[in-house]
Amino acid sequence: LVSQLDDDLPLKRALSQCADTIKTFRPSDFVLGHRGAALQFPEHTHRSHHAASTMGAGLVECDVNLTKDRQLVCRHMRCDLHTTTDVLLRPELAQTCTV
């Protein structure tokens, strides 16, 4: 995944430097998709969870929150809908957003 990141990203440089310090890699049967495939898709989306399982994650971790109408949703935080939806572009929804 790191090799697929843009070369000018500080994250790519940091991860590459970290990988250079590891002398040996050992295969593992334990693979965790933390919030899905977060480096490829927005966290906690169907695409992210599907990609994580397709790439071999045996476990896909998701944070669960309870909505105002008492429904369970996978969200990292209660105030992060703007990261995966167009809620702020819709005046009727944007005005209902609270912190």
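Residues numbered from 1 in each chain as written. Predicted model: local features only at pLDDT ≥ 70, side-chain atom pairs only at ≥ 80, totals over all residues. Heavy atoms only, no water.

**Regarding the overall build of the protein chain**
How we decide: Secondary structure elements follow DSSP: runs of H or I no shorter than four residues count as helices, runs of E no shorter than two count as strands, and numbering proceeds from the N terminus. Buried means the residue's accessible area, taken with a 1.4 Å probe over protein chains only, is under 20% of the maximum for its type, while exposed means over 50%, and partly exposed covers the values in between. Residue contacts are defined here by distance: any two heavy atoms, one from each residue, within 4.5 Å place the two residues in contact. Computed by Shrake-Rupley with a 1.4 Å probe, the accessible areas treat only the displayed protein chains as cover when residues are assessed.
Summing up its helical and strand segments, the protein chain has three helices and four strands in all. When its helices and strands are written in sequence order, the protein chain yields α-β-α-β-β-β-α. Taking all 99 residues of the protein chain together, the buried fraction comes to 17%. Contacts spanning at least 24 positions in sequence make up 31% of the contacts within the protein chain whose residues lie at least 6 apart. With the model as given, the accessible surface of the protein chain reaches about 8000 Å², and the carbon-plus-sulfur share is 58%.

**Points about the pattern of salt bridges**
Let me state the cut-off plainly: The salt bridge criterion pairs a side-chain nitrogen of Lys or Arg with a carboxyl oxygen of Asp or Glu, the two atoms within 4 Å.
For the coordinates displayed, the defined rule picks out two salt bridges. One salt bridge in this structure joins Asp86 and Arg90, with 3.0 Å as the shortest N-O distance.

**A closer look at helix H2 (residues 46-54)**
Residue pairs three or four apart in sequence face the same way in an α-helix, which turns once every 3.6 residues. This is how it is decided: Taking the helix axis as origin, the arc is that swept by the directions to the C-beta atoms.
Among all positions in H2, only Ser48, Ala51 and Ala52 are buried. For H2, the angular spread of buried residues about the axis comes to 100 degrees, placing them on one side. Along H2, the residues that are exposed and aim more than 90 degrees away from the buried face are His46 and Thr54. As for H2, its buried residues are in contact with strand S1 (32-34) and strand S2 (59-61). Where H2 terminates, the next one or two residues include Gly56, which has phi positive at roughly 110 degrees.

**Description of unusual backbone geometry**
One non-glycine residue, Arg70, lies in the positive phi region at around 65 degrees. When you line up the elements, Arg70 lands in the loop between strand S3 (64-66) and strand S4 (72-74).

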